[in-house]
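# Survey of secondary and tertiary structure
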Amino acid sequence: MPNRGASHRAFVGCIEPRMNPSTPNPSTGELTERIAATISAAGGVIPFSRYMAMALYEPGLGYYERSPRTVGRDGDFATSVSVGTLFGELLAYWIREAVGALPGLASGPIDLVEAGAHDGRWAEDIMDALELAEGDEQRRFRYRIVEPSALRRSWQLERLARFGDRVSWSDTMPDEIRGVILSNELLDAFPVERWRWNASGRCWVEQGVAWCGGRFEWAPMTTPSPPEWILPGALEEVLPDGFVRERSPAAVAWWGAASAALREGCLIAFDYGLETEEFLTPARASGTLRAYHRHRVSDDLLSMPGELDLTAHVDFSAVAEEGLRHGLSTWHRERQSRFLMRILEAIQRTPGRFPEWTPSRVRAFQTLTHPEHFGRGFRVLVQGRGPFSCGS
Ligand SMILES: C[S@@+](CC[C@H](N)C(=O)[O-])C[C@H]1O[C@@H](n2cnc3c(N)ncnc32)[C@H](O)[C@@H]1O
């Protein structure tokens, strides 16, 4: 099943036929009008990050505000969660065996705090796996979903009702967390800024969005270049005019807030992304921002707001730097396949503590780790308080 990490590689340079804009969903028209009015009120141009925030999250109209069925086989893209229950089962094993054994978490309740839970499927898989493995012991684990959207919370409530008060919700990150803050494909879903290199002016120019002749168009803004993007002289000389790069202060700020809330334990994020220097290569000259619709990728980023998923690669260096700034240390920063492989090795060393490897679990493991599926483009970042003192 195609996924966005794989599609980024498989489709680079290949432009899908434009989706038919003559049959828009009625709410697309309403959202278009609302974004156009926002642009007009702002004097003619808004930053792309504002456009993306409205296209994805405008209440009742944005892409993630309309249906839980955007993720998975019948939706627009697959995630590790939508591959099946195995991803949650592997993570539950790691939480029990590695995180649960940390000296600071050896006794007392352990918080599992998820953000970006969408329809609650990962939470269900993790809770089911903990319940099966631990019986009463799993009652140490309290699952909390951080969900700012009332609609998405209703999808999650429906799926997770059977866990009773062992699952709870909040709009914002709790103040103090002892346990694990987890996310899958959350960081890539934060609105990004889009910048274009001006070779003659030797500066980055922020790309805004204007409403011209009944359609959205790119328009340059006058924001100063991000200070952290000052390039070494040699690179400035060779970077081609028009080179595009995205920046996600919202994702970095989210990681900072989560780091600040963590008292004991760790943050873990799975996503597709790169280290900072990997963005500045010829293969990434048009940036990593893409639009997804029914398992196809489009470079037409400004059409059909609310109908397309918009997403960009995570800058793992910037995110990890923020965690370090908040006093965390990095426990794992590697490909998802490597991390899951290590969990598998630990499972094999402790027979009887993981469900049977049925053919469907074996197939799911291959999908999660194979380079052509989730194995190559997807990475994991784990940062925690104090040094990591567990085996796996
Ligand atoms: C790409 S989907 C991933 C869904 C799910 N985690 C999975 O792996 O199948 C990203 C999800 O993050 C949610 N999201 C975006 N920003 C969020 C935030 N600040 N807090 C909580 N959820 C957020 C979106 O609404 C969407 O449901």
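As a reminder, the structure under discussion sits directly above these lines.
Predicted model only: the values in this text are computed from it and were never measured.

Reading guide: rules and limits
Residues numbered from 1 in each chain as written. Predicted model: local features only at pLDDT ≥ 70, side-chain atom pairs only at ≥ 80, totals over all residues. Heavy atoms only, no water. Core = buried A, V, L, I, M, F, W, Y, C linked by side-chain atoms within 4.5 Å. Buried < 20%, exposed > 50% of the residue type's maximum accessible area, 1.4 Å probe, protein only. Helix = DSSP H or I, 4+ residues; strand = E, 2+ residues; numbered from the N terminus. Axes fitted to C-alpha atoms, helices over the stretch in contact; angles between N-to-C directions. Parallel < 35°, antiparallel > 145°, perpendicular 65-115°, else oblique. Left-handed = near helix turned anticlockwise from the far one by under 90°. Contact = heavy atoms within 4.5 Å. Nonpolar A, V, L, I, M, F, W, Y, C, P; charged D, E, K, R; others polar. Phe/Tyr/Trp six-rings, centres within 6.5 Å; stacked < 30°, edge-to-face > 60°. Lys NZ or Arg CZ within 6 Å of the ring centre and 35° of its normal. Near = heavy atom within 4 Å. Areas by Shrake-Rupley, 256 points an atom, 1.4 Å probe, with all protein chains shown as cover. 1 Å grid on protein atoms, 1.4 Å probe; cavity = no way out; pocket = protein on both sides within 12 Å on 5 of 7 lines; lining within 4 Å. Sits in = over half its atoms within 2 Å of the grid points. Arc of directions from axis to C-beta. Pairing = 2+ DSSP bridges.

## Some thoughts on the nonpolar core
Formed by 47 residues in total, the largest nonpolar core has its most connected members in L91, W94, L112, I268 and F339. Here the element with the most residues in this core is helix α4 (residues 86-99); it accounts for ten residues. Counting residues in each nonpolar core, the second largest holds 26 residues, with F48, A55, Y63 and M304 among its members.

## Overview of the packing of helix α8 (residues 249-261) against helix α10 (residues 316-325)
Following both chains from N to C, one finds α8 and α10 inclined at 25°, their axes separated by 9 Å at the closest point. It follows that α8 is roughly parallel to α10 by the angle criterion. Two packed elements cross with a definite hand, and for α8 against α10 that hand is right-handed. The segment α8 lies against α10, with V252, W255, G256 and S259 engaging A318, V319, E322 and G323. Split by residue class, the contact of α8 with α10 holds four nonpolar, three polar and one charged.

## Examining the packing of helix α11 (residues 336-349) against helix α12 (residues 359-369)
Interhelical geometry of α11 versus α12 gives an angle of 145° and a closest axis separation of 8 Å. Of the residues in α12, those touching α11 at Q336, S337, L340, M341 and L344 are F365, L368 and T369. Broken down by class, the residue content of the contact of α11 with α12 amounts to five nonpolar, three polar and no charged.

## Section: the packing of aromatic side chains
Inspection of every chain in the model, using the stated rule, returns 21 aromatic pairs. Relative to W229, the ring of W195 has its centre 6.1 Å away and its plane inclined at 75°; by these criteria the two rings are edge-to-face. Placement of the pair is W195 in strand β6 (residues 193-198) and W229 in the loop between β8 (215-220) and α7 (233-238), with a sequence separation of 34 residues. Overall, W195 belongs to the buried group, its relative accessible area being 2%. A relative accessible area of 7% places W229 in the buried class. Ring centres of F374 and F378 lie 4.9 Å apart, and the angle between their planes is 50°; on these two criteria the pair is classed as tilted. An aromatic cluster is defined as three or more aromatic residues linked by ring pairs; in this entry it consists of F48, Y51, W211, F216 and W218. In this structure, R194 packs its charged tip against the face of W218, placed 4.3 Å from the ring centre. Residue placement shows R245 over the ring face of W229; its charged tip is 4.0 Å from the ring centre.

## Topic: the site of the ligand
Near the ligand there are 17 residues, and of these T79, G116, H118, R152 and N184 occur at the shortest range. Protein chains bury 93% of the 600 Å² of accessible surface belonging to the ligand in isolation. With respect to the pocket detection grid, the ligand is positioned in the largest pocket.

## Re helix α6 (residues 150-160)
Three- or four-residue spacings in an α-helix give side chains the same orientation, since the helix completes a turn every 3.6 residues. For α6, the full list of buried residues reads R152, W155, Q156 and L160. Looking straight down α6, one finds that the buried residues subtend no more than 115° of arc, so they occupy a single side. The exposed set on the far side of α6, more than 90 degrees from its buried face, consists of A150 and E158.

## Remarks on the sheet that holds strand β11 (residues 290-293)
Taken in spatial order, the three strands line up as β12-β11-β13 in an open sheet, and their pairing is antiparallel. At either end of the open sheet lies a strand with only one pairing partner, and these are β12 (296-298) and β13 (309-311). On average, each strand axis in the sheet is inclined to that of its neighbour by 35°, with strand direction left out of account. Both β11 and β12 contribute to a ladder of three bridges, which runs antiparallel. If you follow A291 over to β12, its bridge partner there is S298.

From the geometry alone we can't say anything about function, so treat these as descriptive.
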